[in-house]
Amino acid sequence: MIESLLVANRGEIARRIIRTAKRLGVRAVAVHSEADASLPFVTEADQAVCVGPANPAQSYRNVEAVLAAAKSTGVQAIHPGYGFLSENADFAQAVAASGLLWVGPGSDAITAMGDKINARNLMAAAGVPVAPGTTEPAVDLAAAVNAAAEIGYPVMVKAAAGGGGMGMGIANDETALRTEYDKVRAFAERMFGDGSVLLERYFPRVRHVEVQILGLADGRVVALGERECSVQRRNQKLVEESPSPAVTPELRSRLLAAAVRAGEAVGYRNAGTVECLLDPSTGEFFFLEMNTRLQVEHPVTELVYGVDLVEEQLRVAAGLPPTFDPDALTPRGHAIELRVNAEDPKRFLPGPGAITTWTEPTGEGVRVDSGYGAGNTVTPFYDSLMAKLIVSGADRAEAISRARAAVAQFQLAGPKNNLPFFAELLDNPEFLSGDYDTGIVSRMR
């Protein structure tokens, strides 16, 4: 097993990786910005190195500073978490060139799946269902108009290099397309340094379902079930659950097999997620994108399958076999994750501030992955995620019941937070029925 590890991230995911590292006896080194110096992940690491000021470009995305920290602390490996440098192929390559182990897929896989148009084409060639859409970038507005006419309205206009629900717009007709195309292209150039735009058929009622895959050291790719991610605001996830209440055994078999084919098509190693859109009226699913990293919502898979995905990531990076039998993966029970954000529960606008009260819920089937505590300050420099409240039960009804109790027990004061929204959602008839889609939050508001 790896003996020392640098965690190139912050907040709850850095703390979560450090927890597994310590359990395995792996020396954990944290990097942090000046703004994060007092957060729990810094104090809980065996060693911590400041890599720059609050601006992520000067700290967490600063490749030179992160690699210098790895060299000065003598670690063997780097785990990137999610976000920041986690899907940066150049960084992955630089880590390997430095003689360090990269806890993630190879740079070739990151590159192949990082461009959404290339990824769509690769998946189609591998027999993975893809939604009707462009096979090359819409180079200008005229090309976009022609493509939309062929695909059929409504269409989703997307940044080819985007991710995390950013750089997307819906066009119901040509007038809207002209507006959305310019808007998405400008956003993509500003945020991703790549203004390439693709168009896909937009499904007004759709569910967002994804599959956790793990590329093993021996070359096999296995699927650890699916996650339902349809509770979203602004195309960004708020709640995830596993298994999906929309997926039948027959659909699950097809979905997981397609995800494995997707991983095999790019020689995938380590943890990744194949995201799909599911048409609930037909049972058809379509490839959306592959996230070449550990997902925010990985804990629901861990609870249902009884695995520690971070440990499995470290084992793959070290060339070791998994702790489980790949031919005997058996899901048990149901798990739900609620993303506790520093944002108001109505409009979901950021609301950073100093935390004056922080008491986490406890009890059977309750897990909290948090990045903050009482006395810490949620700053405006980073994502608003403060903690993930994860609950599990023998079935969905028990998991929801435990989630209600945990939300009521979670005491949080200072920054605005979305716990009141979760209390509302967990009593919402549509959510309780399991028959919901990506429009559920807008219908609640």
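Being a predicted model, the structure only gives us computed values, none of them experimental.

Undergrad: Just checking my understanding: could you explain the nonpolar core for this structure?
TA: Most often, soluble globular proteins have nonpolar side chains that are buried together. Membership of the largest hydrophobic core comes to 75 residues, with the highest contact counts inside it found for L5, V231, V340, M386, F421 and F422. If one sorts the elements of this core by residue count, strand β19 (residues 385-393) sits on top with 6 residues. Excluding its chain neighbours within four sequence positions, the residues that come into contact with F422 are L238, V239, L338, R339, V340 and V407.

Undergrad: What am I meant to see in the environment of P415 here?
TA: On the secondary structure map, P415 appears in the loop between β20 (411-413) and α13 (419-425). P415 sits in the buried class, given a relative accessible area of 4%. In this structure, the C-alpha to C-alpha distance between P415 and R445, residues 30 residues apart in sequence, is 21 Å. Ignoring anything within four residues of it in the chain, the contact list for P415 reads A342, G351, P352, G353, A354, I355, V378 and M386.

Undergrad: What's the story with the packing of aromatic side chains in this structure? I'm lost.
TA: The geometry of an aromatic ring pair comes down to the distance between the two centres and the angle between the two planes. Per the stated rule, a full pass over the model turns up 10 aromatic pairs. Measuring from centroid to centroid gives 5.5 Å for F91 and W102, while their planes differ by 85 degrees, and the two rings are edge-to-face. Of this pair, F91 sits in helix α4 (residues 89-97) while W102 sits in strand β5 (residues 101-102), and the two are 11 residues apart along the sequence. With a relative accessible area of 0%, F91 lands in the buried category. Here W102 falls in the buried class, since its relative accessible area comes to 9%. Consider the rings of F348 and F421, whose centres lie 5.3 Å apart with planes at 85 degrees: the pair is edge-to-face. Taken together, the residues F348 in the loop between β14 (334-341) and β15 (353-354) and F421 in helix α13 connect sequence positions 73 residues apart. Across this residue pair, the class does not change: F348 and F421 are buried. Linked through ring pairs, Y60, F84, F381 and Y382 together constitute an aromatic cluster.

Undergrad: Just to check I follow, could you spell out the packing of helix α1 (residues 11-23) against helix α11 (residues 309-317) for this structure?
TA: Direction vectors running N to C along α1 and α11 enclose 65 degrees, while the axes themselves pass 9 Å from each other. One way to sum up the angle between α1 and α11 is to call them roughly perpendicular. As for how α1 packs across α11, the hand of that crossing is right-handed. Residues R16, I17, T20 and R23 of α1 form the contact with α11, whose own contacting residues are L309, V310 and E311. Taken together, the residues that form the contact of α1 with α11 break down as 3 nonpolar, 1 polar and 3 charged.

Undergrad: It is not clear to me how helix α6 (residues 116-125) should be interpreted in this structure. Could you clarify?
TA: Since there are 3.6 residues in each turn of an α-helix, residues three or four apart along the chain are aligned in direction. Looking at α6, one finds that the buried residues are K116, I117, A119, R120 and M123. Projection of α6 onto a plane perpendicular to its axis shows the buried side chains occupying an angular sector of 160 degrees, all on one side. Where the residues of α6 are buried, they touch α5 (107-114), β6 (155-159), β8 (197-201), α9 (249-265) and β13 (284-291). The N-cap residue of α6 is D115: its side-chain oxygen and the backbone nitrogen of I117 are 2.9 Å apart. Taken from the residues just after α6, G127 is the one with a positive phi, measuring 85 degrees.

Definitions and cut-offs
Here the residue numbering is sequential within each chain, running from 1 through the sequence in written order. Restriction of local features to residues with pLDDT of at least 70 applies here, the model being predicted, together with a cutoff of 80 or more for giving and counting side-chain atom pairs; totals for whole chains, interfaces and linings are based on all residues. The basis for every side-chain value is the complete set of heavy atoms in the structure, and neither hydrogens nor water enter the calculation. The criterion is simple. A nonpolar core is a set of buried Ala, Val, Leu, Ile, Met, Phe, Trp, Tyr and Cys residues joined through side-chain atoms within 4.5 Å. When accessible area is computed with a 1.4 Å probe and restricted to protein chains, residues below 20% of their type maximum are described as buried, those above 50% as exposed, and intermediate ones as partly exposed. Numbering of helices and strands runs from the N terminus; a helix is a DSSP stretch of H or I covering at least four residues, while a strand is a stretch of E covering at least two. The contact criterion used is simple: two residues touch if any of their non-hydrogen atoms lie within 4.5 Å. Only Phe, Tyr and Trp rings are paired, with Trp represented by its six-membered ring, and only when their centres lie within 6.5 Å; those with planes under 30 degrees apart are stacked, over 60 edge-to-face, the remainder tilted. Every axis corresponds to a line fitted to the C-alpha atoms, with the helix fit spanning only the stretch in contact, and the corresponding angles, defined between N-to-C directions, vary from 0 to 180 degrees. Roughly parallel means an angle under 35 degrees; roughly antiparallel, over 145; roughly perpendicular, 65 to 115; everything else is oblique. Helix crossings get a hand from a simple test, with the near helix turned counterclockwise from the far one by less than a right angle marking a left-handed crossing and a clockwise turn marking a right-handed one. In this count, Pro and Cys sit with the nonpolar residues alongside Ala, Val, Leu, Ile, Met, Phe, Trp and Tyr, while Asp, Glu, Lys and Arg are called charged and the others, Gly among them, polar. Throughout, the arc means that of the directions going from the helix axis to the C-beta atoms. Contacts described as polar in this section are N or O atom pairs within 3.5 Å, which, within protein, must combine one atom able to donate a hydrogen with one able to accept it, while residues neighboring in sequence count only if both atoms come from side chains.

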